[in-house]
Amino acid sequence: MNSKNPVIVAKNLTKKYGNLTAVDGISFEIHEGECFGFLGPNGAGKTTTIRMIHCVSPITSGTVTVLGKPSHIDNREIKLITGVIPQEINLDPDLTVYENLMIFAKFFDIPHIESKKRVNELIDFVELESKRNSKIDELSTGMKRRLLVARALLNNPKLIIADEPTTGLDPQARHLIWERLRSLKSRGTTLLLTTQYMEEAEQLCDRLMVMHQGRILKEGSPRQLISDEIGREVVEIRIAKEEDEKLIAQMADLACGHERVGDTLYFYCRDGHELMKKIVDFNLPNVLNRPATLEDVFLKLTGRSLIE
Ligand SMILES: Nc1ncnc2c1ncn2[C@@H]1O[C@H](COP(=O)(O)OP(=O)(O)O)[C@@H](O)[C@H]1O
Ligand SMILES: [Mg+2]
């Protein structure tokens with residue numbers, strides 16, 4: 001067992017909606033100061049798990065604790081120590097950036113003078129000074145997401161839960177959010193992040209679990225998952241299924257495995273160089289040798305891509 005302090009401990013956590021099991025008996029631990037990721041496609045059960053952790057969705061069975069306190073509907077103790085960046089942009093469109101934060105501060109009973117100070121600091125932190133008095137409709141999606149980050153920090157939370165914080169953002173806006181999240185982590189805040197983007201998981205997460213259909217497929221550091229499941233490199237070849245038999249037979253001793261998805265054949269290997277040399281004999285037009293990614297891990301485990 002890990003000796004670090006657990007911030008979140010889930011045991012056989014399960015959520016059913018009628019006949020649908022959205023979260024299927026998952027167990028995991030998140031430690032103090034780490035960034036832990038839930039990586040999975042749409043419908044994997046990421047948001048449902050998060051909603052049970054921060055006490056807004058009833059648990060069907062199993063348990064989850066936050067800093068030793070059991071999660072159940074409306075557990076205010078947990079809400080006070082947790083900051084949530086929701087998947088939906090649920091800001092009040094009738095209020096300005098500043099007012100949205102001031103209203104939210106009331107929920108935590110922060111005294112007015114203190115609220116004003118903190119709100120101003122947070123507006124600076126997410127670089128929204130120029131939009132301080134703008135209504136929500138005047139903000140870009142990236143700015144709205146940054147405002148959600150600021151809002152989640154009002155109560156100085158020990159734990160930040162970010163549910164797909166960069167979905168729908170362009171690369172520049174995405175990098176700004178990543179940078180802010182990394183800055184929080186460097187101050188010792190524990191982060192729980194969900195994402196459909198393997199690049200995001202690789203960039204931010206110390207450890208992650210790969211989720212699919214309410215279950216955990218694998219858990220570990222991004223590097224460890226890639227090295228355990230794939231090796232170091234992938235050779236990607238566009239080749240019709242009818243024509244690949246001979247190729248697979250010839251590569252058997254050089255590759256650690258292979259997978260076919262649609263029109264593409266993937267060879268997993270420690271070193272793609274040797275494979276590439278041998279593939280030349282086959283005279284194929286579309287061959288690519290690249291480093292292995294978490295997307296390859298997901299593909300290997302499910303035969304599907306993370307984003308379809
Ligand atoms: N309120 C709800 N009622 C019924 N089904 C739901 C509800 N919320 C989520 N689901 C279903 O639960 C599954 C997991 O959803 P969700 O946790 O939102 O996945 P993710 O966040 O990974 O995309 C999906 O099949 C989804 O349709
Ligand atoms: Mg979700």
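Residues numbered from 1 in each chain as written. Chains lettered and ligands numbered in written order. Predicted model: local features only at pLDDT ≥ 70, side-chain atom pairs only at ≥ 80, totals over all residues.

Draft legend 1. Spatial organisation of the domain arrangement of the protein. Here the protein is described as being made up of domain 1 (6–226) and domain 2 (231–291). Here domain 1 and domain 2 have C-alpha centroids that lie 39 Å from each other. (Domains from an automatic or database assignment.)

Draft legend 2. Seen up close, the packing of helix α3 (residues 97–107) against helix α5 (residues 141–152). It is the contact of α3 with α5, at a shortest axis distance of 10 Å, that shows an interaxial angle of 30°. Considering their axes alone, α3 and α5 lie roughly parallel with respect to each other. Here the hand of the crossing between α3 and α5 comes out right-handed. Contact residues: α3 offers Val97, Asn100, Leu101 and Phe104, while α5 offers Leu147, Ala150 and Arg151. Looking at side-chain class alone, the contact of α3 with α5 contains five nonpolar, one polar and one charged residues. (Axes fitted to C-alpha atoms, helices over the stretch in contact; angles between N-to-C directions. Helix = DSSP H or I, 4+ residues; strand = E, 2+ residues; numbered from the N terminus. Parallel < 35°, antiparallel > 145°, perpendicular 65-115°, else oblique. Left-handed = near helix turned anticlockwise from the far one by under 90°. Contact = placed C-beta atoms within 7 Å. Nonpolar A, V, L, I, M, F, W, Y, C, P; charged D, E, K, R; others polar.)

Draft legend 3. Fine view of the sheet that holds strand β12 (residues 257–261). Here four strands make up an open sheet; going across it, the order is β12-β13-β11-β14 and the pairing antiparallel. Strand pairing shows two members of the sheet lacking a second neighbour, β12 and β14 (287–291), which therefore form its edges. On average, each strand axis in the sheet is inclined to that of its neighbour by 20°, with strand direction left out of account. In the packing of helix α10 (residues 272–279) onto the sheet, the strands contacted are β11 (233–238), β13 (264–269) and β14, and the crossing angle to β11 comes to about 25°. (Pairing = 2+ DSSP bridges.)

Draft legend 4. Highlighting the nonpolar core. Counting 80 residues, the largest nonpolar core has Ile161 and Phe267 as its most contacted members. No other element matches the six residues that α5 contributes to this core. Shared between two domains, this core holds at least three residues of each, these being domain 1 (6–226) and domain 2 (231–291). If sequence neighbours within four positions are ignored, Phe267 has contacts with Val234, Val235, Met251, Ala255, His258 and Leu275. (Core = buried A, V, L, I, M, F, W, Y, C linked by C-beta atoms within 7 Å. Buried ≥ 20, exposed ≤ 12 C-beta atoms within 10 Å, placed from the backbone.)

Draft legend 5. Inspection of the sheet that holds strand β10 (residues 215–220) at higher detail. Taken in spatial order, the six strands line up as β6-β7-β8-β3-β9-β10 in an open sheet, and their pairing is mixed. If you trace the sheet from one side to the other, it starts and ends with β6 (82–85) and β10, each paired once. Pairs of neighbouring strands in the sheet enclose a mean axial angle of 15°, with direction left out of account. Pairing of strand β9 (residues 207–212) with β10 involves five bridges; the strand directions are antiparallel. Across the sheet, the residue bridging to His212 is Arg215, located in β10. Sheet contacts for helix α6 (residues 171–186): β3 (35–39), β7 (159–163) and β8 (190–195); angle to β8, the most-contacted strand, approximately 150°. Against the sheet, helix α11 (residues 294–302) touches β3, β9 and β10, its axis set at about 35° to β9.

Draft legend 6. Local environment of the site of ligand 1. Residues in contact with ligand 1, as listed here, are Tyr17, Leu20, Ala22, Gly40, Asn42, Gly43, Ala44, Gly45, Lys46, Thr47 and Thr48. The set of elements that each furnish at least two residues to the shell around ligand 1 consists of β2 (20–31) and α1 (46–53). Among the elements that make up the shell around ligand 1, the one with the highest residue count is α1 (three residues). Tallied by class, residues from the shell around ligand 1 come to four nonpolar, six polar and one charged. (Near = placed C-beta within 6 Å.)

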